[in-house]
Each structure stands twice: as structure tokens, then as C-alpha cells.
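Next come the chains, spelled out residue by residue.
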Amino acid sequence: MQNNHFINLVRKTIKYLRWYPFRKFIYLYQTQVRRCKCCNKIPVIVSLDKGDETKRCIRCLANLRYEVIADYIHSKYKATIKDMSVLELDFNSPLQTFLKDAKEYVTTYYSDKDKLGTIKDGVRCEDVTKLTFEDNKFDMIISSEVLEHVCDLKKAFKESARVLKPGAVHIFSVPAGTGNTFKRSDWIDGKLNHFVEPEYHYDPLDKNGCLVYWNFGDDLGTYFGDASYDLSIIKGPFGKDRKYLIVLKKRDI
Ligand SMILES: [Zn+2]
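In this text, all values refer to a predicted model and were calculated from it rather than measured experimentally.

### Re the layout of surface pockets
Computed from the structure, the second largest pocket encloses a volume of approximately 240 Å³. Taken together, 14 residues line the second largest pocket, and the ones lying closest to its centre are His-74, Lys-78, Ile-81, Phe-98 and Asp-101. Elements that contribute at least two residues to the lining of the second largest pocket include exactly helix H2 (64-77) and helix H3 (96-99). A per-element tally of the lining of the second largest pocket places H2 first, with three residues. Of the residues that constitute the lining of the second largest pocket, the class distribution is six nonpolar, three polar and five charged. Three or more residues apiece are contributed to the lining of the second largest pocket by two domains, here domain 1 (2-61) and domain 2 (65-250).

### Some points on helix H4 (residues 153-163)
Of the positions making up H4, those classed as buried are Leu-153, Ala-156, Phe-157, Glu-159, Ser-160, Ala-161 and Val-163. Contacts from the buried residues of H4 go to strand E8 (138-144), strand E9 (164-175), strand E15 (214-215), strand E16 (229-238) and strand E17 (243-250).

### Examining the domain arrangement of the chain
Structurally, the chain comprises domain 1 (2-61) and domain 2 (65-250). Measuring from the centre of the C-alpha atoms in domain 1 to the corresponding centre in domain 2 gives 22 Å. Listed by partner, the interface residues are 18 residues for domain 1 and 20 residues for domain 2. For the pair domain 1 and domain 2, the summed buried area comes to about 1600 Å², and 47% of that belongs to carbon and sulfur atoms. Our enumeration of links across domain 1 and domain 2 arrives at three salt bridges. Where domain 1 touches domain 2, the interface holds eight residue pairs in polar contact (both at pLDDT 80 or more). Among the elements that make up the side of domain 1 that touches domain 2, the one with the highest residue count is helix H1 (residues 2-19) (five residues).

### A short note on the coordination of the zinc ion
Those protein atoms acting as donors to the zinc ion are Cys-36 (SG), Cys-39 (SG), Cys-57 (SG) and Cys-60 (SG), and they sit at 2.3 Å. The site at the zinc ion holds four donor atoms, and with the angles between them running 106 to 114°, its shape is tetrahedral. Residue classification places Cys-36 among the buried positions, given a relative accessible area of 0%. Its relative accessible area of 0% is what places Cys-57 among the buried residues.

So, how was this worked out
- Residues numbered from 1 in each chain as written.
- Predicted model: local features only at pLDDT ≥ 70, side-chain atom pairs only at ≥ 80, totals over all residues.
- Heavy atoms only, no water.
- 1 Å grid on protein atoms, 1.4 Å probe; cavity = no way out; pocket = protein on both sides within 12 Å on 5 of 7 lines; lining within 4 Å.
- Points joined across faces, edges and corners; volume = space filled by probe spheres on them.
- Helix = DSSP H or I, 4+ residues; strand = E, 2+ residues; numbered from the N terminus.
- Nonpolar A, V, L, I, M, F, W, Y, C, P; charged D, E, K, R; others polar.
- Domains from an automatic or database assignment.
- Buried < 20%, exposed > 50% of the residue type's maximum accessible area, 1.4 Å probe, protein only.
- Contact = heavy atoms within 4.5 Å.
- Buried area = accessible area lost by both parts, 1.4 Å probe.
- Salt bridge = Lys/Arg side-chain N within 4 Å of Asp/Glu carboxyl O.
- Polar contact = N/O pair within 3.5 Å; in protein donor to acceptor, adjacent residues only side chain to side chain.
- Donors = N, O, S within 2.8 Å, 3.2 Å for Na, K, Ca; no water.
- Tetrahedral: all angles 85-135°; square planar, octahedral: opposite > 155°, others 65-115°.

Take a look at the structure:
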């Protein structure tokens, strides 16, 4: 098991390093030794760039946004996580170091080539706007840097509310710029339109990256959730890359 963890870590590190230009290793001087809020060990937090995205714990590969999410979950749910059903919209997240202790921990990937609900190596193909789970199944949904890649946010929140139990939470982080929120790209009459230069983020399953539909701004709260939810902005903007941590709690009605 320990061996599998090590092999998995090496694989993830190789994939991660291939994405970043090696000239940025000058930022190694910002490397730190401190406690990681995700795996709760004291490893090296290696710095591969000036931003927080690329300062990662060498043990669990958490960066700042994952540490902020982990810190929130530890503070609120440490005692109860073992009794919770958790859905994480990611198959490769550093949060798995402690979420695997949950009663149920379901991880997902998205691919338009696989049928929704397909399970590969224990990971399930899901589209957040068309989840294949039954109603009222989960106590917690987690997503980090996913929602800016979802064209139809209303549909996504309707679906997350459907599969969450009353009183359960959708915890997520998103990046945000300094202006107001705007849509970069949109599907109109079956055609993808780009209103600004298309932007793609790293996607471990697609070498072309993942299209960014939304540029969130500091008014982002109005774009998240619906009448099923109470929204709390827990933290943000935080870090050099301006992230927000947001919690939607499904109303108990
Ligand atoms: Zn760590």
C-alpha cells in the first residue's frame, strides 16, 4: 500500500513537472519546510514558480488552495468525516490523504469519450451538470478549480443540490480576477463562441488543457448556488493567485 502511494506520487510528480517550464526553477529559493495543512506532516513545500499554484507539498502535492480547503474541512468535520459520504470532482486530489477515511469517498473524472457513470480504476466518469447519482446521497461535495470550466453553472448547482442531503455542503475553490465576473466563452445554438482569447488550464487527461468559460471577479457570490443553498464566502481573495473558498449549504427544507 505504502509502495503504491510512492509510485502514485512519482507518477503525479512527473506529469506535474512536464507541464511547467524548467527555467522557472529559479523560484526554488521560495521553498519552505513547514507543516502541510493537508497531509499534516512537516515536509518540504517546493516552489517551482512565483505563484501559489506551484508551491507544493512534496508528500501529498497540496498547494495553497488545497491547504485552505483541507484546513476548513479539518476545522469543521474532523470528528465526523468518518461518517460522511463525500464526492470529490477530481480523481487525483491531495485531499485524498485524509478523505479516504470517510465512510464513502467517490472521486470522478470527466471525459466526453466515456459514458457517464462508467467506473475506471475505481474512478467514475461524471459531468457535474448531469450527475448519475441518486438524490440526497452525499454529505459533502468538493471541487477545486472546476467551476470556471463549467459552461452552465445553474445546471451544475441544480445537480449538486439534488445529490446532496439537506444540510449538506458543496465546498469549492475558484480563481478570481480583480474586475467583475464575465463569461470568456459560451455555447450558443450548438456553436462554441469565444468572446476573448480562449484560455486553457492544465488537464491531466487532455494535453490541450481544459477550456476556461468563466473569469470570476470579486462579485462572484452572485453567480454561485441557487434557492436551494445558503452561500458563505469563507476566505478570499487569498494568495498571489487570488482564490476564493466558498461553501454552499443545502437548505434543510
Ligand atoms: Zn502535504
